[in-house]
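# Structural overview
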Amino acid sequence: MNKFKDKTLLILGSNVGTIDIINYAKKNGAKIVVTDYYDPKDSPGKLVSDYHEKISTDDINGLLDLCEKYKVDGIISGISEFNLLQAKKVCNLLKKPIYFSDQQWNLISHKDSFRKLCEEFNVSCPKTYFLGPISNFISLKNIEYPIVIKPVDGSMSQGVTICSCEDKLQEALQEADKFSDSNRIIIEEFFEGDEFTAHYSIVNGKVNLACMDNRYPVSVNRGSVTTIPIARVFPSTFLSKYLEKENQNVIKMIESINLKSGILFLQGFYNKKKDKFCIFEAGLRCAGEAPYRFIEKVNGLNFLNPIVDLSLETPTKDYDFSKENPYLNGKYCGVISLVTKGGKVSKIEGLEESVSNVKSVIEYECRYKEGEETPSGNTLRQLMIRFVMICDSIDQMKSDINYLNSNINVYNDKGKSMVLKFDEERLSKEFIV
């Protein structure tokens with residue numbers, strides 16, 4: 001196919017999603033330019049591109065020069081929030097298309113505007129106790145602890161605290177304010193339940209639920225801190241409840257922002273005892289687990305492709321909506337992680353051999369190499385190694401996770417294990433095996 005013949009696509013960075021975008025664009029005839037400040041050996045997208053440059057994605061003038069040099073027709077990124085916003089800046093300056101406007105992005109990604117949007121369309125969301133600049137905050141009365149305090153415009157779970165009593169309130173406020181560019185925070189009710197993430201595809205203005213997971217959290221440090229998704233398993237065990245109670249209102253909400261093509265994820269909780277959902281935030285991009293990787297194999301659809309079509313001003317004519325199936329045609333898919341506790345990586349043992357022996361692993365990523373320093377904290381940066389899996393049953397998934405856990409080890413410079421592993425028995429509590 002040559003629908004992108006004679007067109008050139010500039011891709012910012014080599015984050016998750018980049019290789020898949022490159023493969024799709026090149027298969028359809030486009031020339032690819034990849035840029036970031038890394039050497040090719042540390043930037044996988046450069047190794048499969050037609051051209052590559054060492055211009056930082058933070059350098060807008062440098063990016064504009066690249067667009068002129070290569071006569072670029074479109075600019076896009078993988079799923080990196082920073083790089084997507086940089087691509088948007090360049091597109092704005094050059095009047096090139098990208099799948100979202102500044103207004104649409106802010107409406108969804110800023111927690112205050114998204115909360116109002118949920119309320120407008122009767123999408124279940126937490127009760128808000130305070131929303132605004134920290135300088136306007138005086139005190140909270142008539143509330144029930146615990147509460148959640150977070151920056152209105154934060155990401156990567158940074159600055160988010162679960163506050164169990166008034167004694168910890170000021171510390172939590174300062175932590176949220178530290179990670180807010182706008183110095184605005186939100187204080188909301190703490191809703192207990194099972195966590196989930198749902199992805200919606202938007203293609204030619206039509207909105208569909210692409211997938212929904214059960215999110216299994218783990219806390220690296222003790223205390224009332226946010227948790228990290230050590231595992232995500234699809235389809236969610238409460239998908240049918242979600243379709244019944246929330247899906248139609250969410251679709252109407254997404255339709256209201258008038259996207260032609262795009263992807264939107266939202267995060268929330270489901271309380272089984274109350275049979276109630278609570279959706280607390282969203283993003284106008286694919287989340288880090290990049291579920292299209294297994295959706296493409298089990299459903300035959302990739303929701304990133306229409307975004308590339310739009311960037312290169314090419315109509316999307318081959319997206320078969322009848323294949324959208326959040327039940328994944330009976331398969332059980334997972335994104336299973338090893339989570340670093342922080343420190344310097346001295347040795348990674350058994351990774352490649354173990355992956356080659358587990359056929360359900362369709363791909364994996366290792367974010368930190370031997371000799372590199374890993375962060376300590378409670379953010380998504382702790383996700384060190386991730387395995388993308390497609391299984392025929394939960395029993396198979398449990399068995400394969402057990403094998404990976406038993407045969408892969410990561411040691412710090414003191415010779416001690418430095419990762420947390422997912423306990424596969426947690427699956428037995430929710431899935432019928």
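Keep in mind that this is a model prediction, so the values were computed, not measured. (Residues numbered from 1 in each chain as written. Predicted model: local features only at pLDDT ≥ 70, side-chain atom pairs only at ≥ 80, totals over all residues. Heavy atoms only, no water.)

A word on the overall build of the protein. Helix and strand counts for the protein come out as 13 helices and 21 strands. Over its C-alpha trace the protein gives a radius of gyration of 22 Å, about what one expects of a compact globule, namely 22 Å for 433 residues. Structurally, the protein occupies a C-alpha span of about 60 × 50 × 45 Å along its principal axes. With 433 residues in all, the protein has 54% of them scored as buried. Sequence-distant contacts, at least 24 apart, represent 67% of the contacts inside the protein between residues at least 6 apart. When the accessible surface of the protein is split by element, carbon and sulfur atoms take 45% of a total near 19,200 Å². Each charge class in the protein can be summarised by its mean position, and for the 56 positive and 59 negative side chains these summaries are 1 Å apart. (Helix = DSSP H or I, 4+ residues; strand = E, 2+ residues; numbered from the N terminus. Rg over C-alpha atoms; globule rule 2.2 N^0.38 Å. Buried < 20%, exposed > 50% of the residue type's maximum accessible area, 1.4 Å probe, protein only. Contact = heavy atoms within 4.5 Å. Areas by Shrake-Rupley, 256 points an atom, 1.4 Å probe, with all protein chains shown as cover. Lys, Arg positive; Asp, Glu negative; His and termini not counted. Charge placed at Lys NZ, Arg CZ, Asp CG, Glu CD.)

How two helices sit against one another is set out by the angle between their axes and by the gap between those axes. In contact at an axis separation of 5 Å, helix 5 (residues 102-109) and helix 6 (residues 111-120) are set at 80° when each is read in the N-to-C sense. Comparing the axis directions of helix 5 and helix 6 gives the class roughly perpendicular. Contact residues: helix 5 offers Asn106, Leu107, Ile108 and Ser109, while helix 6 offers Lys111, Ser113, Phe114 and Leu117. Classifying every residue of the contact of helix 5 with helix 6 gives four nonpolar, three polar and one charged. (Axes fitted to C-alpha atoms, helices over the stretch in contact; angles between N-to-C directions. Parallel < 35°, antiparallel > 145°, perpendicular 65-115°, else oblique. Nonpolar A, V, L, I, M, F, W, Y, C, P; charged D, E, K, R; others polar.)

Further remarks concern the packing of aromatic side chains. According to the stated counting rule, one finds 18 aromatic pairs in the structure shown. When the centroid spacing of 5.7 Å and the interplanar angle of 65° are considered together, the rings of Phe196 and Tyr242 count as edge-to-face. Here Tyr242 lies in helix 8 (residues 239-245) and Phe196 lies in strand 9 (residues 194-203), a separation of 46 residues in the sequence. A single burial state applies to Phe196 and to Tyr242, both of which are buried. Here the aromatic cluster, defined as three or more aromatic residues joined through ring pairs, consists of Phe196, Phe238, Tyr242, Tyr270 and Phe277. The ring centre of Phe321 lies 5.8 Å from the NZ or CZ of Lys206, which sits over that ring. (Phe/Tyr/Trp six-rings, centres within 6.5 Å; stacked < 30°, edge-to-face > 60°. Lys NZ or Arg CZ within 6 Å of the ring centre and 35° of its normal.)

Looking now at the pairing of strand 2 (residues 31-35). With four of its five residues buried, strand 2 lies for the most part within the structure. Strand direction decides the pairing type here: strand 1 (residues 8-12) and strand 2, joined by five bridges, are parallel. Residue pairing in the sheet places Leu9 in a bridge with Ile32 of strand 2. Between strand 1 and its parallel partner strand 2, the chain crosses via helix 1 (residues 18-27), and the hand of that crossover is right-handed. In terms of strand pairing, strand 2 meets strand 3 (residues 51-53) through three bridges, oriented parallel. Pairing of Val33 across the sheet is with Tyr51, part of strand 3. (Pairing = 2+ DSSP bridges. Right-handed = clockwise from strand over helix to strand, strands pointing away.)

Residues Ile19, Leu47 and Val48 make up a contiguous nonpolar surface patch of roughly 240 Å² in combined accessible area. Take Leu47: it is sitting in helix 2 (residues 44-47). Given a relative accessible area of 60%, Leu47 falls into the exposed group. (Patch = residues over 30% accessible without salt bridge, like charges linked within 9 Å, V, L, I, M, F, W, Y side chains within 5 Å. Salt bridge = Lys/Arg side-chain N within 4 Å of Asp/Glu carboxyl O.)

If you look at the biggest cluster of nonpolar residues, it comprises 84 residues, and the most contacted ones within it are Tyr99, Tyr200, Tyr242 and Leu266. When neighbours within four sequence positions are excluded, Tyr242 is seen to be in contact with Phe196, Ala198, Tyr200, Leu209, Met212, Asn247, Val250, Leu266, Phe277 and Ile279. (Core = buried A, V, L, I, M, F, W, Y, C linked by side-chain atoms within 4.5 Å.)

To continue, consider the pairing of strand 16 (residues 343-349). In this sheet, strand 18 (residues 373-374) lies alongside strand 16 in antiparallel orientation, the contact comprising two bridges. Paired with Lys344 across the strands is Glu373, a residue of strand 18. Sheet topology places strand 16 next to strand 20 (residues 409-412); four bridges connect them, and they run antiparallel. Looking across to strand 20, one finds that Val345 is bridged to Asn412.

With that settled, the discussion passes to the sheet that holds strand 5 (residues 128-133). Think of a sheet as strands paired side by side through backbone hydrogen bonds, with each pair either parallel or antiparallel. Strand order in the open sheet formed by four strands is 5-8-6-7, and the pairing between neighbours is antiparallel. Single-partner strands in this sheet number two, and they are strand 5 and strand 7 (161-163). In this sheet, adjacent strand axes meet at a mean angle of 20° when their direction is disregarded. As defined by bridge partners, strand 6 (residues 147-151) adjoins strand 8 (residues 184-189) across five bridges and the pair is classed as antiparallel. Each residue of the ladder has a partner; that of Ile147, found in strand 8, is Glu189. Sheet strands in contact with helix 6 are strand 5, strand 6 and strand 8, and its direction is about 45° off that of strand 8.

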